[in-house]
Amino acid sequence: MNRFFLVFIFFISIFYDLKSRSLQVGSQHPFKSIKSALESANNGDTLLVYAGTYKESPIIIDKKVTIIGIERPVLDGEHQYEVVSIKADSVFFTGFQVQNSGVSSINDIGGIKVYDRRYVTIQNNILLNNFFAVYLQYSRHCLVKDNIITSNAQDEQNSGNGIHCWKSDSLQIIANRIEGHRDGIYFEFVKESVVWRNIARNNIRYGLHFMFSHKDSYFSNIFENNGAGIAVMYTKHVFMANNSFINNTGDACYGLLLKDISDSHIIGNRFIGNTIAMFLEGANRNKISKNVIQENGWGMKVQANCEDNHIYENNFIHNTFDVATNGTLVMSYFKENYWDKYEGYDLDRDGLGDIPYHPLSVYSYVIEQNPISMLLFRSFMVTLMDRTERLIPSVTPEAFVDLTPVVKPYKL
Amino acid sequence: MKKLIGLVIKDILKNKVILIYTLFLAAFGWSVFGLESSTAKGALSLFNIILLSVPLVSIIFANIYIYNSKEFIELLVSQPIKRSTIWNSIFIGLLIAINLAFLIGIGIPVMVFTPDTIGFSVILTGLFIGSIFTSLAMMSSIIAKDKARGIGVSIMIWLFLSLIYDGLLLFFMFQFSDYPIEKLMVLFSSLNPIDLARIQMLLQIDVSALMGYTGAIFKKFFGNFYGYLITIGLLMVWIIVPYLISLRKFNKKDL
């Protein structure tokens, strides 16, 4: 009986599989338009869309289908419509070039927009000149992978984000390349998601921007030359590792702005050539370690409203100022970092410097109060001031100290 | 004139101070790159020395040399040579000697260790600063009558330009911090050759920090091609004007 039942199941499943069809769309194929193919499709069908330009937006996918573009067909929104709206679970959308969505200041028009769905995959598409490129709202377990997303945004008002996720969870954003949008990746109320191996560069505002997005992880991403760098806010339990924050330069531009970020780990990242590599404001109980902070204007600005951050085992190399702060209160801890400006010695050869290092230069303090005095930086008088302060700290907070600086840089 | 310049250089080399100066610079140049972990940091330390010791040595050495060769100058004046030729030859001779010392002492190690734009601008600023302070020495030595006063004036000029001027600027920045003084400060700092050289160097080394709010203002002013031309123009003015003043005085002076 049992064996018979298994065989029955087997045949049923084969039959079920046979029931799903492939619908071919193209000028020389049964279906001339994607819409007509979608109308006659059932759940589980596959649409094969052949090369060509399809101007039939908005395309609304409301069945559980797999849509595959062959030789990269173009879906054009004619600067008026949302190009693709996904309103079904488990849609697999791949191989297209989606371009020229409409621009609106009332609706968030997306190149590809997912409405309240689960298990949607958007993979290997090219998105050109869209308002918002990929937009996920109320979505769960979705995968956005291997997409190339570019736009030519001019100003913040008339442009949207590359990958915009809102009120979602369990998303995977993997290996996308985002250029020329307002924000590269934007998360708001997105939980337990992973952002891995993306490249966001030359966006006019932030490369990565998230708020209220708890328990997310960011690995091996590259954020380069974005207008205002990276800003992350109001979030707990963030894990950031092995990311690169490169050449985010300008006024109010941060390699990584941590505003009200708590209980997070920032480990093994590279901060190179930013105006301010890391800016901590209201950030509490974070662990910041094994990062390379190199050739920045300011390595780290730790505002006085930060508490209980542990900053250890980082390399601070060739920064104009290693650290800066705005007050006298210091409740963060520096331990066993490498500072290239450290001039102490290590007599007992345990790898730790024998005299504490005060990383805060008095002149960074002066500049904080009077920014124009940057004009006199590296003059003889300023060097003299700095030396005196290093020997006898009187202006800079006493607690701003690395008691055990390492004498050799970590191999990171 | 060529012969005169040759005589001056020979005379300078005879008194060995310039050789010791060359050795000092060379020792410093080579050891800095040996000690510092990276060449950029080495270039920076060198740069601090250039802003401090090169002006001091140039101005005092040139000053003393001119006073010491008072009799030589008097002898030359009695010959059928134009006064301006004599003064020109002394100036050019001093320039060659001082800048050659710098090129040998600092230029070689810099070119060996950092043959890039930073290294190049270190050398260029060094040459400019040396020339400017030689020119200032010519002026101070002709203004002040006796040697002691002349050296005093030189030291005052050096102290003023490398320390007091910046102190005053900082003082004004804090006094008038409520006013939009950015552009004024950029103007003032461009009037001091040492500051001018320093800012050009900042633009090379601390470029990320300068992208901030105020940095952007003076990056806009100094950082582009025209800013570079303006800087070089102003430095040239600092070489030429004090010298021309001294030349006019020398031509009229009753020796």
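Data block above holds the structure.
Predicted model, so just to flag it, every value in this text is computed and none were measured.

Undergrad: I tried to follow the pairing of strand 10 (residues 110-115) of chain A on my own but got confused; where do I start?
TA: Two faces belong to every sheet, and in a regular strand the side chains alternate between them. Residues and elements named next belong to chain A. Across the six residues that make up strand 10, a large majority, five, are buried. Here strand 7 (residues 84-86) runs beside strand 10; their pairing, made up of three bridges, is parallel. Bridged to Ser85 within strand 10 is Lys113. Across five bridges, the pairing between strand 10 and strand 13 (residues 132-137) is parallel. Its bridge partner lying in strand 13, Gly110 is registered against Phe132.

Undergrad: Can you help me understand the interface of chain B and chain A in this one?
TA: Accessible area lost upon the coming together of the parts is a frequently used measure of interface size. Contact with chain B, which involves 32 residues of that partner, is made by 27 residues of chain A. Elements with a contribution of two residues or more to the side of chain B that touches chain A: helix 3 (39-68), helix 7 (147-175), helix 8 (182-189), helix 9 (193-205) and helix 10 (213-222) of chain B. Tallying contributions element by element places helix 7 of chain B first for the side of chain B that touches chain A, with eight residues. Taken together, the residues that form the side of chain B that touches chain A break down as 16 nonpolar, eleven polar and five charged.

Undergrad: Got a minute to help me understand the sheet that holds strand 25 (residues 229-236) of chain A in this structure?
TA: Backbone-to-backbone hydrogen bonds pair the strands of a sheet. The strands run either parallel or antiparallel. All names here are of chain A. Ordered by their spatial adjacency, twelve strands build an open sheet running 4-7-10-13-16-19-22-25-28-31-34-37, and the pairing between neighbours is parallel. Each having just a single partner strand, strand 4 (59-61) and strand 37 (321-324) make up the two edges of the open sheet. Within this sheet the neighbouring strands show an average axis-to-axis angle of 10°, counted without direction.

Undergrad: What exactly am I supposed to notice about the environment of Ser85 of chain A here?
TA: Residues and elements named next belong to chain A. Mapped onto the fold, Ser85 is located in strand 7. Taking the C-beta count within 10 Å as the criterion, Ser85 has 19 such neighbours and is therefore assigned partly exposed. Along the primary structure Ser85 and Tyr115 are separated by 30 residues, whereas in three dimensions their C-alpha atoms are 7.4 Å apart. Once you skip the residues sitting within four places of it in the chain, Ser85 turns out to touch Pro58, Ile60, Ile61, Lys113 and Tyr115.

Calculation criteria
- Residues numbered from 1 in each chain as written.
- Chains lettered and ligands numbered in written order.
- Predicted model: local features only at pLDDT ≥ 70, side-chain atom pairs only at ≥ 80, totals over all residues.
- Buried ≥ 20, exposed ≤ 12 C-beta atoms within 10 Å, placed from the backbone.
- Helix = DSSP H or I, 4+ residues; strand = E, 2+ residues; numbered from the N terminus.
- Pairing = 2+ DSSP bridges.
- Contact = placed C-beta atoms within 7 Å.
- Nonpolar A, V, L, I, M, F, W, Y, C, P; charged D, E, K, R; others polar.
- Axes fitted to C-alpha atoms, helices over the stretch in contact; angles between N-to-C directions.

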